[in-house]
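What follows is each chain in one-letter form.
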Amino acid sequence: MDSFVINGGRPLRGTVRINGSKNACLPLMAAALLTDQPVRLLGVPNLSDIRNMQRLLDSLGCDLTAGGDGELTIHGTDASRVLAHYDIVRTMRAGICVLGPLLAARGRARVSMPGGCAIGDRPVDLHLRGLEALGATITLDAGYIVAEAPPAETPGGPRRLRGAHIFLGGPNGSTALGTANVMSAAVLAQGTTVIESAACEPEIEDVGRLLISMGAKITGLGSPRLTIQGVESLRGTPPAGYPVMPDRIEAGTYLMAAAITHGDVTLENFPTDTLGAALDRLREIGVTAEPVAAGGAEPDTPASAADAVRVAVSRRLNPVQVVTQPHPGFPTDLQAQIMALLTLADGNAIVTEKIFPDRFLHVAELLRMGAKITRVGPSAMITGVRELVGAPVMASDLRASAGLVIAALAARGQTTVNRVYHLDRGYEQMETTLQALGAQIERVPGGSV
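Let us look at the structure shown here. (Residues numbered from 1 in each chain as written. Predicted model: local features only at pLDDT ≥ 70, side-chain atom pairs only at ≥ 80, totals over all residues. Heavy atoms only, no water.)

Quick look at the packing of aromatic side chains now. Within this structure, the stated rule accounts for 1 aromatic pair. Judged by centre distance (6.4 Å) and plane angle (80 degrees), the ring pair of Y254 and Y427 falls under edge-to-face. With a gap of 173 residues between them, Y254 in helix α8 (residues 248-260) and Y427 in the loop between α13 (421-424) and α14 (430-436) connect regions that are remote in the sequence. On the basis of relative accessibility, which here comes to 3%, the residue Y254 falls in the buried class. Geometry around Y144 places R110 over its ring, the cationic atom sitting 4.9 Å from the centre. (Phe/Tyr/Trp six-rings, centres within 6.5 Å; stacked < 30°, edge-to-face > 60°. Helix = DSSP H or I, 4+ residues; strand = E, 2+ residues; numbered from the N terminus. Buried < 20%, exposed > 50% of the residue type's maximum accessible area, 1.4 Å probe, protein only. Lys NZ or Arg CZ within 6 Å of the ring centre and 35° of its normal.)

We now examine the pairing of strand β23 (residues 414-418). Of all the 5 residues making up β23, 4 are buried; the element is thus mostly covered by neighbouring parts of the structure. Note: strand β1 (residues 3-7) against β23, 5 bridges, orientation antiparallel. Looking across to β23, one finds that N7 is bridged to Q414. Crossover strand β22 (residues 392-394) to β23 through helix α12 (residues 398-410) is right-handed. (Pairing = 2+ DSSP bridges. Right-handed = clockwise from strand over helix to strand, strands pointing away.)

Okay, the pattern of salt bridges next. Charged atoms that come close allow side chains of opposite charge to pair. Enumeration according to the criterion identifies 21 salt bridges in this entry. Here D125 makes a salt bridge to R129, at a shortest N to O gap of 4.0 Å. You can see D125 and its partner R129 sitting in helix α5 (residues 125-133), 4 residues apart, about one turn around the helix. With a relative accessible area of 39%, D125 lands in the partly exposed category. In this structure, the salt-bridge partner of D206 is R209, at a minimum N-O distance of 3.1 Å. One end of the pair is D206 and the other is R209, both in helix α7 (residues 202-213) and 3 residues apart, which spans about a single turn. Classification of D206 as buried rests on a relative accessible area of 2%. (Salt bridge = Lys/Arg side-chain N within 4 Å of Asp/Glu carboxyl O.)

Taking strand neighbours across the sheet as the criterion, the 4 strands line up as β22-β23-β1-β24 in an open arrangement whose pairing is mixed. Only two strands of the sheet have a single neighbouring strand rather than two, namely β22 and β24 (440-444). Between one strand and the next, the sheet's axes are offset by a mean angle of 20 degrees, whatever the strand orientation. Sheet topology note: the β1/β24 ladder contains 5 bridges and is antiparallel. Residue pairing in the sheet places F4 in a bridge with R443 of β24. The strands touched by α12 within the sheet are β1, β22 and β23, with β1 carrying the most contacts at an inclination of about 25 degrees. (Axes fitted to C-alpha atoms, helices over the stretch in contact; angles between N-to-C directions. Contact = heavy atoms within 4.5 Å.)

What follows covers helix α9 (residues 276-285). Among all positions of α9, only A278, L279, L282 and I285 are buried. What you see down the axis of α9 is that its buried residues fit within an arc of 115 degrees, all on one side. Following α9 by one or two positions, G286 has its phi on the positive side, about 120 degrees. (Arc of directions from axis to C-beta.)

See the structure below:
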């Protein structure tokens, strides 16, 4: 397993262009199963999760053609394939996203229970409850979810789901992937579906916008109440293709990396509108994202419309309280990164994890680097220190890995971040990006140094 070897203490300087969103792209790709016409996506990131989803769609009878600059065309040509095999789905949580499209378009599905990061319990019961409300029959067989749409109303006709009023709330709020699954299934169901407590994440809005461009009838995107009028079939994307939204988690990660090193970094394709809560907390810490135009000139547009920002950092980092919440609250996927930043704040900060209460495996590794953190239930109190010190650390999941890299960039001496395959799931060649910004970081194959 590869490792990163990082010599910290160097301010990051330069420009980074934010890639397309992984969390949007995976359900967007799965939505291609809803039509027998080509779906062309633009700005698809080159990540291991994306490549695994490509493998999964290939096994489900799709022809895939990659072009330059992240272009990917998906064309479902064999509607008889409905098995999403364990060997592929176990590698990524988002493999479950094919369940709804397969069930709606092909009448049945056999999908392995998903894998992913070890960040706590993430059951799929809300996915299944929503699909059952649409009339699906669902059983579990040897680790597979087996789903069938209701029988055809006329002999020889297609199996079709039926519109329903569905509540998707759970103990931790709504479910993003569950909303994508049920929404994707409902667009081909007979009648009208209303989804209450739908996820409001921008990535789910992006999936809805793709479906609308393919002929779906959806209202309420971005709100907790979606209304979907089922249609007989969907077409492919318009010839120009569909652009994947920028990755707000990647954007927040590089913003905090620039901040912790007191660097001077411009972030292009920055999704300001999707990061309100994170930008608010960073502003209180003393970090701002100031809008700039191409070439560094001052823009004529307000920050909300800017597509490029320049990171500005005050001399003193202030401690703050952070509580992760469903969108539009502070994203759980940026919790580890902001905790790394707060280890160098001047005072006591508190981070409370409301989405995945066990998502604190990075705490022990930050302690190895000299951080002062006390865990109490779903909260962690961080007492800022003057400096972090390089040490060997172990990455436990995708976002924890990013937090450790951020800490290492500011630490005195050398840090080895082991098991960085997690990072390859969500960041496209992170070491290359950071090297271009002046970081001294090297990927070492096989985990040896």
